[in-house]
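The residues making up each chain are set out below.
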Amino acid sequence: MTRRVPQDKVRDRAEKQAMKTNLSSKEKKTIAAILIASFLIKLVLAFTLTADIRSDSLDYQSLAKSIITTGEYSLDGKPTASSTIGYPLFLSGIYSLTGADQLWARLAQSVIEVFTCLLFLFFCMNYLDTRKSIIALSVYAFFPSNILYTQTILSETLFALLALIIIVYFLNEKIDSKIFLIGMVAGYAVLVRSSFVFALAVIPLFLLFNGRKLFEGYKHKRIKRGIQYSVLFFIGAVIVVAPWLIRNKIVLNTFAIGTHGGSTFWSGSNPDATGTWYHKIEDTNPIFNIADEAERDKKFYQEGLKYAVNNPHKFAILGFKKLGYLFSSERMILLYFAKNENRARTSSEVYASINPFLIALINIPYFIVMLLGTWGLLMIKRKRFIVYGMILAWLFIFFIFVALARYHYVLIPFFIMGTVKGFCHPELFCHPELFCHPELVSGSHFYRKKLYQSFKSMPVTYKISAAVFNLFLLAVWTSEFYLMYK
């Protein structure tokens, strides 16, 4: 008697086999067409879209110029570590060749995005078959906010490339001496976005908990190799970060990666905290007036920690508020290109003045991907540790520190993949069975059947988690637009 294999296992085997298949000539041409078309859109925007350099972008620009002209990392003539060196160093490399014109930074980031898109394709092929991976690539390559971020003087585009390099390496599950180089990439990622240092804790946990799959031999041998490769990874990271830390100790008398951590912690942990930066925040605490960056950073940490310890329930509530700001609408990218009218207005007032059509064009794809992607991410059954670990680490970081909407940028690839995995079925358009069997002629029937199979395989706890998170997102967006337009 033949043992019957469960249908979901059959689908998993078929999906794994599809992931191993080499790309056909037609698929390669499709991928190339997507990448070229996306790059051309960015190219046009680079020459036509204008934006005033202000806030963080102005600091990055000034720091890059300082590196080129004086050989020092200083802001307004004063040595600083308020912004980590990673992104200004990247800008200085471009400007030293082309001149300090943001056009060249935009063009460079548009090129970088091509490689990020390819890495995203490789990422998706760990979870999706080739057709779905190409569909996901097209969504990512033409995602409105992704395109716009390449045209900013902000670190998002560069950081996304570095993060995907790290994630794709570990998803390949072929741990070797190259992990040292990946550690160096991780070190530079920390210099680009200092908050990423907390996410690095996921790597040794991944190596230890997946030792049976990654390494051969008995348990004690697998643990030993996991520790060895973890050490090698962190040595690579430390080699890149150490010169910056030594510089900070010599110049500013602190080994801190950045001297902005204390203020971002206190801003989300004080009696007036809202979960994000609030209007005229620098007027609310005299610590902002301390000239010594290291001392100011230390004082802010002390004040923020004191409030958190004495008010744990309020700190926890603020944590969820921070997550609300983290997943708020794509307001930051729209505000970036809003015109400066030289009059005092809050960010919400500026946001409300933007053309509603543009707000919808940028936000609707984001809303769809976040809502549907939540379910699709919880449907994956293989290689979950690195994905879930990175997402949870990122949420933890901004549960503790103050959050901004643009910080969710690095999570978008996960949710796009999840959306395509859970809700996109190319079989609807190419299965000959649809035309051969009367009961399957209805595309909607076939689609509902596929969705039913996907949802049925999800544990109840996952379904509840997805539903709760969807409700949380809807509540955040509803309150955001209600307050904006009331």
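Refer to the structure above for everything that follows.
Residues numbered from 1 in each chain as written. Predicted model: local features only at pLDDT ≥ 70, side-chain atom pairs only at ≥ 80, totals over all residues. Heavy atoms only, no water.

Before going further, it helps to spend a moment on the environment of Ser348. Relative to the helices and strands, Ser348 is located in helix α17 (residues 347-353). Ser348 gets classed as partly exposed once you look at its relative accessible area, which sits at 30%. Note: C-alpha distance between Ser348 and Leu335 (13 residues apart in sequence) is 9.2 Å. Aside from chain neighbours lying at most four places away, what touches Ser348 is Arg331 and Met484. Engagement of the side chain of Ser348 in a polar contact is seen with the side chain of Arg331, the distance being 3.2 Å. (Helix = DSSP H or I, 4+ residues; strand = E, 2+ residues; numbered from the N terminus. Buried < 20%, exposed > 50% of the residue type's maximum accessible area, 1.4 Å probe, protein only. Contact = heavy atoms within 4.5 Å. Polar contact = N/O pair within 3.5 Å; in protein donor to acceptor, adjacent residues only side chain to side chain.)

In total, this model carries 37 aromatic pairs according to the counting rule given. Seen in terms of ring centroids, Tyr60 and Tyr87 are 5.0 Å apart; in terms of plane orientation they differ by 75 degrees. Their pairing is edge-to-face. Taken together, the positions of Tyr60 in helix α3 (residues 55-70) and Tyr87 in helix α4 (residues 86-98) put the pair 27 residues apart, joining distant regions of the chain. By the burial criterion, Tyr60 is buried, and Tyr87 matches it. Clustering of aromatic rings is evident, with ring pairs tying together Tyr169, Phe170, Phe206, Phe209, Phe233, Phe234 and Phe385. Positioned above the aromatic ring of Phe159, the side-chain terminus of Arg193 is 5.3 Å from the ring centre. (Phe/Tyr/Trp six-rings, centres within 6.5 Å; stacked < 30°, edge-to-face > 60°. Lys NZ or Arg CZ within 6 Å of the ring centre and 35° of its normal.)

Applying the stated criterion across every chain yields a total of seven salt bridges. Its salt-bridge partner being Asp56, residue Arg406 comes within 2.8 Å of it at the nearest N-O pair. You can see Arg406 sitting in the loop between α19 (384-400) and α20 (412-423) and its partner Asp56 sitting in helix α3, a full 350 residues away along the chain. Judged by relative accessible area, Arg406 falls into the buried class, the value being 5%. (Salt bridge = Lys/Arg side-chain N within 4 Å of Asp/Glu carboxyl O.)

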